[in-house]
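# Coordinate analysis (summary)
For reference, the chains in residue letters:
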Amino acid sequence: MSLRIFARNTFSTVKSNSRNLRLAAKPFAIQPAKSFSSSAIRLNADKESSHLVEVLTNEIQGELEQPEATAIPDRFTDYKGFQIANNDINSVNLHLKKTGENEDIHIFVDVDDLINNAEIKEVEEGQEEVAAEEEEIFDEFEDLSKPPVNFAIINKSKNTVLNFGINIDSEGGFSIQSITPYADPVAFLSEKPEEIFKKETTYAGPQFSNLDENLQIALLQYLNAKGLDADMIEYIEDISTHLENQKYINWLDTLQKFFK
């Protein structure tokens, strides 16, 4: 059984243990220089490549034993009006879209960041307690890394965008990291490098926790009314987990083809 499959069946919060495996470097004695045959090196390299193909084949077969391993279940294709707009198998990004009469809502998910990095952070947080004085210092700052989920609302009549950077916690809740307005929906949705740079450098407001408490509550209630609730968070996590595993299988297959 694949380590990833075992991990998913045993720990709901750990789905990619096999990616944490590293080959341990064995100590070796320094040998005096001696001549050797290049054909011997070639033979050894071919042997290791064949071994890699065998290991990769076994891992792929283990993953393919899971139900719906290579398909997207119907429950994911249309959820409360949200449909998959883009899901490139070679990309970490998932794009969901809900089209309305007066507005469109786009959800952009970095599935690798959401599924794998969140687990790493959770494990690291549980390994040891931070000293109380250090906690007081670091609690003053929020996580300024790129949020794994972006919830963007496009107002069609005003032709403007409001994008919420969203962090999802281990208990299924969410928090707002950033709120960024954009004047041009076309530019916001563009994948041109210059437009991406503009988006990344646009002012996203102060830290959410520094806003007036009433404003924080009102913004969270607004998102809830737009469909970002506990059920939607669960859906985002479930579809991201499923699609991340498909991307993992594709990644294994790509490696296998390289070593064949």
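Our subject is the structure that appears above.
Residues numbered from 1 in each chain as written. Predicted model: local features only at pLDDT ≥ 70, side-chain atom pairs only at ≥ 80, totals over all residues. Heavy atoms only, no water.

This brings us to the overall build of the chain. Helix and strand content of the chain: 9 helices and 7 strands. Sequence separation of 24 or more characterises 59% of the internal contacts of the chain that already satisfy a separation of 6 or more. Surface summary for the chain: the accessible area is close to 17200 Å², and the carbon and sulfur share equals 54%. (Helix = DSSP H or I, 4+ residues; strand = E, 2+ residues; numbered from the N terminus. Contact = heavy atoms within 4.5 Å. Areas by Shrake-Rupley, 256 points an atom, 1.4 Å probe, with all protein chains shown as cover.)

The next thing to look at is the packing of aromatic side chains. Overall, the coordinates contain 7 aromatic pairs when judged by the stated rule. Note on Phe108 and Phe188: the rings are 6.1 Å apart at their centroids and 75 degrees apart in plane angle, and the pair reads as edge-to-face. Taken together, the positions of Phe108 in strand E4 (residues 103–110) and Phe188 in helix H6 (residues 185–189) put the pair 80 residues apart, joining distant regions of the chain. When the ring of Phe258 is compared with that of Phe259, the centres are 5.2 Å apart and the planes differ by 90 degrees; the resulting orientation is edge-to-face. Accessibility expressed as a relative area gives 65% for Phe258, which makes it exposed. Over the ring of Phe188 we find Lys199, and its NZ or CZ is 5.2 Å from the ring centre. (Phe/Tyr/Trp six-rings, centres within 6.5 Å; stacked < 30°, edge-to-face > 60°. Buried < 20%, exposed > 50% of the residue type's maximum accessible area, 1.4 Å probe, protein only. Lys NZ or Arg CZ within 6 Å of the ring centre and 35° of its normal.)

Attention now goes to the pairing of strand E3 (residues 93–99). Bridge analysis of strand E2 (residues 82–86) against E3 gives 3 bridges, and the strand direction is antiparallel. For Gln83, the partnering residue across the bridge sits in E3 and is Lys97. Across 7 bridges, the pairing between E3 and E4 is antiparallel. Along E4, the bridge assignment pairs Leu96 with Ile107. Where E3 folds back on E4, the antiparallel hairpin that results is connected by 3 residues. (Pairing = 2+ DSSP bridges.)

The next subject is the sheet that holds E4. Taken together, the 7 strands give an open sheet; going across it, the order is E1-E2-E3-E4-E5-E6-E7, and neighbouring strands pair in antiparallel fashion. Across the chains shown, the open sheet's two edge strands, defined by having one partner strand only, are strand E1 (78–79) and strand E7 (174–182). For strand E6 (residues 160–168) and E7, the ladder comprises 8 bridges, and the chain directions are antiparallel. Among the inter-strand pairings, Phe164 is bridged to a residue of E7, identified as Ile179. Set on the sheet, helix H9 (residues 230–259) makes contact with E1, E2, E3, E4, strand E5 (149–155), E6 and E7; between it and E3 the angle comes to about 140 degrees. (Axes fitted to C-alpha atoms, helices over the stretch in contact; angles between N-to-C directions.)

So, about H9. For H9, with 30 residues, the first-to-last C-alpha span of 44 Å sits near the 44 Å given by 1.5 Å per residue. Its side-chain oxygen at 3.3 Å from the backbone nitrogen of Asp231, Asp229 defines the N-terminal cap of H9. (Expected span 1.5 Å × (residues − 1). Polar contact = N/O pair within 3.5 Å; in protein donor to acceptor, adjacent residues only side chain to side chain.)

A separate point is the side chain of Glu63. With respect to the helices, strands and loops of the structure, Glu63 is situated in helix H2 (residues 38–64). The buried category is assigned to Glu63, whose relative accessible area is 0%. At a separation of 3.1 Å, a polar atom in the side chain of Glu63 contacts the side chain of Asn245.

These figures capture arrangement, not role.
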